[in-house]
Amino acid sequence: MIQTLAFYLFATIVVASAALTITSRNPVHSVLWLILAFFNAAGLMVLCGAEFIAMLLVIVYVGAVAVLFLFVVMMLDIDFTELRAGFVRYLPAGLALAVLLAVELVVGAYAWTAARIDLAKRIAPTDVAVPNIEAIGRLLYSRYLYVFEGVGLVLLVAMIGAIVLTQRKRADAKAQNINRQINRRAKDAIRNVNQPIGQGVEL
Amino acid sequence: MTSFFETTVGLPYGWAWTVATLVGILVIALPLMLAVAMIIYADRKIWAAMALRRGPNVVGPLGLLQSFADGLKVFLQETIVPSSANRGLFLLAPIITFTVALIVWAVIPFDVGVVVADINVGLLYILAASSLGVYGVIISGWASNSKYPFYSALRAAAQMVSYEVAIGFVLIAVVLWAGSFNLTTIVLEQRAHIFGFINGFGFNPLLFPMAVVFLISSLAETARAPFDLTEAESELVAGYQTEYSSMAFALFWLGEYANVILMCALNALLFWGGWLPPVDWAPLYFVPGIIWFLAKTFFFFFVFSWIKATVPRYRYDQLMRLGWKIFLPLSLTFVFLVSGWLMLQRVGVPA
């Protein structure tokens, strides 16, 4: 009973906050609703017994990606009327995308039920006694080892690409040289001068 | 406890579980609030002693009731919401901070089995919940609609995200050695870890540097001195709390200290044996485990206060350099070393 209640609670909040993400006027509120949707989706994952995925969803999406998102949106200078103006123009493209996604969902669900997978193991395909993380690890490091390593390399390339694209030498930038700061001693910086009256100190 | 409500009281399983969990939450949350009040007192006494002052000594015997007097004071004050603030988010922010600080305690074991939720992704849960903590700060900074809170929110977000990376790798090193994400298992794996009689991963030469990195990162993660740039009063008034008053301010305060105690508890649990005595020697086990755990937690809190009383504040670029250029490579190297050592132990042993 509690599981059913929890399911409907999480599911309702996911749907409602997803709707609010696209309808709310303020973009910062949109991002916050999106975060709430992520968080409740993680709750649904926990109900499925996929606690590892749920935690990753919260750590990666809520904890890191959405924070940077919020960061960017908060610092944007946004004209709200201009944002609303594009609504009609983008409506056909948006609707087409929504229909496409819905069709994909239906096809996916259909393919899933058509295949001959053992019914009882559909939601949690491993033993309950084996923790999620171990089950995923066993698959990743045996059957899907090369694919997994390939994904790692793709991510590495993306990371190097991002660094190369954003790094540029700036002539006007002044960087801190930490080693020089640490090695600086009092005698390098302080001079004791017995200055005669009526003359300026020579620097 | 669930079985007690099921058999003795005669409730169906679902309700027995709900009642048992609620009781467990209350049993942890209420003493935690009391502990926060007392730890603020201890904090002020420690700073006072290091500055050769007396500290709070007026309210109650030895000033013990000082925190409660402060609590009553803020409770009676008026809650002021700035007219240009985003009202809903402004009030939501302290609630988020406080709630997130409390939910993490669900997976902290005080002894074998003395834990609200003994889940097998405990450590990931802690990472997830502590990464939520940044939202309270960001939202309060933005919703205040004021420049110092906003600067502070930006600083806090960058600082927390940066140090979480280092903390993540430190936790991976611990998890590799313990072979589990469950906190109870991690503590039990530390029993007789070194030479068969010293309890604690911290005494392991491969994990000791990780313990130091974790201690420093936990200072940065909770924005304690010397990393308290989010509320650096010389630059940002009071940081993201500038516009807050009354209970909203008190919630930030309580959440902050609950997080500090949590980080101290994590230091004790992950590296120094949690509720186990320091040495695996039978007479020491007569002392209840929770006493060892609280003593270790308090020791780390003393270290936190000690650092706050003695170390000057970091500059912001130094803070970022420490997180990204020193701790990240260092912890990555040690993840590599730890996994290499563990694989070396397995050479020739069937998997």
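Here, residues in each chain are numbered from 1, in the same order as that chain's written sequence. Both sets of labels track the order of writing: A upward for chains, 1 upward for ligands. Under the rules for a predicted model, residues below a pLDDT of 70 receive no local features and side-chain atom pairs below 80 are neither given nor counted, while totals for whole chains, interfaces and linings still include all residues. Hydrogen atoms and water are omitted, and side-chain values are computed over all heavy atoms in the structure.

Student: Is there a simple way to explain the interface of chain B and chain A in this structure?
Tutor: By a frequent convention, interface size equals the accessible area lost on bringing the separate parts together. Should any heavy atoms of two residues lie within 4.5 Å, those residues are considered in contact. Contact with chain B, which involves 29 residues of that partner, is made by 26 residues of chain A. Overall, the association of chain B and chain A removes approximately 2,400 Å² of surface from exposure, summing both partners, and the carbon and sulfur fraction of that is 79%. A pairing counts as a salt bridge when a side-chain nitrogen of Lys or Arg comes within 4 Å of a carboxyl oxygen of Asp or Glu. At the surface where chain B touches chain A, the tally comes to zero salt bridges. Those elements that place two or more of their residues in the side of chain B that touches chain A are α2 (13-50), α5 (122-143), α6 (147-178) and α12 (316-345) of chain B. Every helix listed is a DSSP run of H or I at least four residues long, and every strand listed is a run of E at least two residues long, numbered separately from the N terminus. When residues in the side of chain B that touches chain A are grouped by element, the largest group, eleven residues, is from α5 of chain B. Asp, Glu, Lys and Arg are counted as charged, while Ala, Val, Leu, Ile, Met, Phe, Trp, Tyr, Cys and Pro are counted as nonpolar; the rest, among them Gly, fall into the polar class. By residue class, the composition of the side of chain B that touches chain A is 20 nonpolar, six polar and three charged. By convention, the term buried area covers the 1.4 Å-probe accessible surface removed from two parts as they join, with the contributions of both added.

Student: It is not clear to me how the confidence of the model for chain B should be interpreted in this structure. Could you clarify?
Tutor: Detailed reading of the predicted coordinates is not advisable wherever pLDDT is low. Per-residue pLDDT for chain B has a mean of 85; in total, 97% of the residues score no lower than 70. Note on the complex model: pTM 0.83, ipTM 0.79. The pLDDT value expresses, per residue, how confident the predictor is, ranging between 0 and 100.

Student: Teacher, can you tell me more about the nonpolar core here?
Tutor: Soluble, globular proteins show a tendency: their nonpolar side chains are buried together. In this structure, W105, I108, L123, Y135, F214, L270 and F271 of chain B are the most contacted members of the largest nonpolar core, which totals 114 residues. Those residues in contact with L270 of chain B that sit more than four places away from it in its chain are L123, L171, V174, L183, I186, Q190, F201 and F214 of chain B. To form a nonpolar core, buried Ala, Val, Leu, Ile, Met, Phe, Trp, Tyr and Cys residues must be joined to one another through side-chain atoms within 4.5 Å. Any residue under 20% of the maximum accessible area for its type is buried, any over 50% is exposed, and the rest in between are partly exposed; the area is computed with a 1.4 Å probe on protein chains only.

Student: What is the right way to look at unusual backbone geometry in this model?
Tutor: A negative phi angle is the norm for most residues apart from glycine, just as the trans form is the norm for most peptide bonds. Residues and elements named next belong to chain B. A positive phi angle is found at L62, which is not glycine, with a value near 60°. When you line up the elements, L62 lands in the loop between α2 and α3 (66-76). Judged by its relative accessible area of 64%, L62 is exposed. In the Ramachandran plot, N145 falls in the positive-phi region, its phi being about 60° despite a non-glycine side chain.

Student: Hey, could you run me through the confidence of the model for chain A in this one?
Tutor: Residues of chain A with pLDDT of at least 70 account for 86%, and the chain-wide mean is 82. Within chain A, the element-level pLDDT minimum falls on helix α4 (residues 80-85) of chain A, averaging 64, and the maximum on helix α7 (residues 145-166) of chain A, averaging 93.

Student: Looking at this structure, how should I read the packing of helix α3 (residues 51-75) of chain A against α5 of chain B?
Tutor: Packed helix pairs are specified by the crossing angle of their axes together with the interaxial distance, meaning the distance between the axes. Axes here refer to lines fitted to C-alpha atoms; in helices the fit is confined to the stretch in contact. Angles between the N-to-C directions go from 0 to 180 degrees. Relative to each other, α3 of chain A and α5 of chain B sit at 20°, their axes nearing to 9 Å. Taken together, the axes of α3 of chain A and α5 of chain B are roughly parallel relative to one another. In the crossing of α3 of chain A with α5 of chain B, the sense of the turn from one axis to the other is left-handed. Contacts between α3 of chain A and α5 of chain B pair F52, M55, V58, I59, V62, G63, A66, V67, L70 and M74 of chain A from the former with L124, Y125, L127, A128, S131, L132, V134, Y135, I138 and W142 of chain B from the latter. Across the contact of α3 of chain A with α5 of chain B, the residue classes break down as 18 nonpolar, two polar and no charged. When describing relative orientation, an angle under 35 degrees is termed roughly parallel and one over 145 degrees roughly antiparallel, while 65 to 115 degrees is termed roughly perpendicular and anything else oblique. We call a crossing left-handed when the near helix sits turned anticlockwise from the far one by less than a right angle, and right-handed when that turn is clockwise.

Student: When you look at the pattern of salt bridges in this model, what are you seeing that I'm missing?
Tutor: Note that side chains of opposite charge can pair when their charged atoms are close. Under the defined criterion, the tally for this structure stands at six salt bridges over all chains. The residue K187 of chain A makes a salt bridge to D188 of chain A at a minimum N-O spacing of 3.8 Å. Classification of D188 of chain A as partly exposed rests on a relative accessible area of 49%. Close ionic contact of R315 of chain B with D317 of chain B constitutes a salt bridge, the shortest N to O distance being 2.8 Å. Among the residues examined, D317 of chain B registers a relative accessible area of 28% and is labelled partly exposed.

Student: Can you help me understand α2 of chain B in this one?
Tutor: An α-helix turns once per 3.6 residues; consequently, residues spaced three or four apart project the same way. For α2 of chain B, spanning 38 residues, the distance from its first C-alpha to its last is 54 Å, which sits close to the expected 56 Å at 1.5 Å a residue. Within two residues after α2 of chain B, L52 of chain B carries a phi angle of roughly 55°, on the positive side. Working rule for helices: expected span equals 1.5 Å times residues minus one.

Student: So what exactly am I meant to see when it comes to the environment of F227 of chain B here?
Tutor: Residue and element names in this part refer to chain B. Mapped onto the fold, F227 is located in the loop between α8 (208-221) and α9 (233-236). For the pair formed by F227 and I261, sequence separation is 34 residues and the distance between their alpha carbons is 17 Å. Not counting the four nearest positions on each side in its chain, F227 is found in contact with Q159, Y163, I216, L219, A220, Y314, L319 and L322.

Student: Any chance you could explain the side chain of E221 of chain B here in plain terms?
Tutor: Residues and elements named next belong to chain B. Along the chain, E221 turns up in helix α8. The charge count includes Lys and Arg as positive and Asp and Glu as negative, but it does not include His or the ends of the chains. No salt bridge is formed by the buried E221, whose closest oppositely charged neighbour, R224, lies at an N-O distance of 13 Å. When residues no more than four places from it in sequence are discounted, the contact partners of E221 are S130, M160, Y163, E164, I167 and M263.

Student: How do you make sense of α12 of chain B when you look at a structure like this?
Tutor: Residue and element names in this part refer to chain B. Between its terminal C-alpha atoms α12 stretches 42 Å, which fits the 44 Å expected from 30 residues at 1.5 Å a residue. When α12 is considered as a whole, its buried residues turn out to be L319, M320, L322, G323, F327, L328, S331, F334, V335, V338 and L342. Buried residues along α12 sit against α6 and α8.

Student: For this particular structure, what's the right way to read the packing of α2 of chain B against helix α10 (residues 246-271) of chain B?
Tutor: Residues and elements named next belong to chain B. Contact pair α2 / α10: the axes reach a minimum separation of 9 Å and the direction vectors enclose 85°. Relative to α10, α2 is oriented roughly perpendicular. For the pair α2 and α10, the contacting residues are L32, M33, A35, V36, I39, I40, D43 and W47 in the first and W253, L254, Y257, A258 and I261 in the second. Residue composition of the contact of α2 with α10, by class: twelve nonpolar, no polar and one charged.

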